[in-house]
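Now for the letters of each chain:
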Amino acid sequence: MRTDGAPAPAHTFHQGVRKGPFVQVSGQGPQDPATGEYLFPGDVAAQTTRTLQNVKAIVEASGATFDDVVMLRVYLTKREDFPIMNEAYGAFVAANSPSGVLPSRTTVFVGLPREEMLVEIDAFAVAD
């Protein structure tokens with residue numbers, strides 16, 4: 001699948017793949033969908049929100065909704081960014097999960113491919 005609502009994928013993978021009811025969203029970062037520019041340097045809260053907006057756009061392009069997301073994996077570069085990310089993440093997920101059932105989550109601390117990226121997020125959804 002492909003949407004202009006999220007950054008163009010690298011040449012080695014798609015933004016996401018749907019097989020039957022299953023939707024896997026490739027790892028997304030805080031990129032502007034129109035320009036591909038990495039946004040909000042040094043601001044993990046804003047990067048988290050932009051990244052989740054990109055994830056949501058891909059989920060919706062698959063025909064699913066954000067409420068169909070059952071798992072989100074968050075990759076952070078710095079442990080001290082966890083509470084800030086968690087607050088922005090919580091606000092976005094609560095606002096975009098009308099059923100009230102929040103997705104499962106794992107958070108991992110890693111090095112990311114671009115220095116300006118403080119966060120990367122991927123998702124797994126099951127559409128009805």
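Please refer to the structure placed before this passage.
Worth saying up front: this structure is predicted, and the values here are computed from it rather than measured.

Q: What is the right way to read the side chain of asparagine 96 from this model?
A: In this fold, asparagine 96 is placed in the loop between helix 2 (82-95) and strand 4 (104-109). Residue classification places asparagine 96 among the buried positions, given a relative accessible area of 15%. Side-chain polar atoms of asparagine 96 contact the side chain of lysine 56, separated by 2.8 Å.

Q: I keep staring at the pairing of strand 4 and nothing clicks. Help me out?
A: Across six bridges, the pairing between strand 3 (residues 69-76) and strand 4 is parallel. The partner of valine 74 across the bridge, within strand 4, is threonine 107. Tracing the backbone out of strand 3, into helix 2 and back to the parallel element strand 4 gives a crossover that is right-handed.

Q: Can you walk me through the packing of helix 1 (residues 44-61) against helix 2 in this structure?
A: Two quantities define a packed helix pair, namely the angle between the axes and the distance from one axis to the other. Direction vectors running N to C along helix 1 and helix 2 enclose 35°, while the axes themselves pass 8 Å from each other. Here the hand of the crossing between helix 1 and helix 2 comes out right-handed. Together, Val44, Ala45, Thr48, Thr49, Leu52, Gln53 and Lys56 of helix 1 and Ile84, Met85, Ala88, Tyr89 and Phe92 of helix 2 make up the contact between the two elements. Of the residues that constitute the contact of helix 1 with helix 2, the class distribution is eight nonpolar, three polar and one charged.

Q: Looking at this structure, I do not really get the nonpolar core. What am I missing?
A: Generally speaking, a soluble globular protein has its nonpolar side chains buried in company with each other. With 25 residues, the main nonpolar core has Val25, Val55, Val69, Leu72, Val74, Tyr89 and Ile121 as its most contacted residues. Broken down by secondary-structure element, the contributors of at least two residues to this core are strand 2 (22-28), helix 1, strand 3, helix 2 and strand 5 (119-126). Looking at this core, the element that brings in the most residues is helix 1, giving six residues. When sequence neighbours within four positions are dropped, the list of residues in contact with valine 25 reads Gln15, Gly16, Val55, Ile58, Val59, Asp122 and Ala123.

Q: Would you mind going over the sheet that holds strand 3 with me for this structure?
A: Paired through backbone hydrogen bonds, the strands of a sheet run either parallel or antiparallel to each other. Taken in spatial order, the five strands of this open sheet run 1-2-5-3-4, and their pairing is mixed. A strand with exactly one partner marks an edge of an open sheet, and here the two such strands are strand 1 (16-19) and strand 4. Each strand axis lies, on average, 10° off the axis of its neighbour in the sheet, ignoring direction. Where helix 1 meets the sheet, it contacts strand 1, strand 2, strand 3 and strand 5, and its direction lies at approximately 30° from that of strand 5.

Q: Is there a simple way to explain the environment of leucine 112 in this structure?
A: With respect to the secondary-structure elements, leucine 112 resides in the loop between strand 4 and strand 5. Judged by its relative accessible area of 16%, leucine 112 falls in the buried class. Apart from the residues within four sequence positions on either side, leucine 112 is in contact with Tyr75, Thr77, Met117, Leu118, Val119 and Glu120.

Q: What should I look at first to understand helix 1 in this one?
A: Residue pairs three or four apart in sequence face the same way in an α-helix, which turns once every 3.6 residues. Helix length check: helix 1 (18 residues) gives 26 Å between terminal C-alpha atoms against 26 Å at 1.5 Å per residue, within 8%. Along helix 1, the residues classified as buried are Val44, Ala46, Gln47, Thr48, Arg50, Thr51, Leu52, Asn54, Val55, Ala57, Ile58 and Val59. Sitting at the amino-terminal end of helix 1 is aspartate 43, which places a side-chain oxygen 3.2 Å from the backbone nitrogen of alanine 45. Following helix 1 by one or two positions, glycine 63 has its phi on the positive side, about 95°.

Definitions and limits used
Residues numbered from 1 in each chain as written. Predicted model: local features only at pLDDT ≥ 70, side-chain atom pairs only at ≥ 80, totals over all residues. Heavy atoms only, no water. Helix = DSSP H or I, 4+ residues; strand = E, 2+ residues; numbered from the N terminus. Buried < 20%, exposed > 50% of the residue type's maximum accessible area, 1.4 Å probe, protein only. Polar contact = N/O pair within 3.5 Å; in protein donor to acceptor, adjacent residues only side chain to side chain. Pairing = 2+ DSSP bridges. Right-handed = clockwise from strand over helix to strand, strands pointing away. Axes fitted to C-alpha atoms, helices over the stretch in contact; angles between N-to-C directions. Left-handed = near helix turned anticlockwise from the far one by under 90°. Contact = heavy atoms within 4.5 Å. Nonpolar A, V, L, I, M, F, W, Y, C, P; charged D, E, K, R; others polar. Core = buried A, V, L, I, M, F, W, Y, C linked by side-chain atoms within 4.5 Å. Expected span 1.5 Å × (residues − 1).

Just geometry here; none of it tells us what the structure is for.
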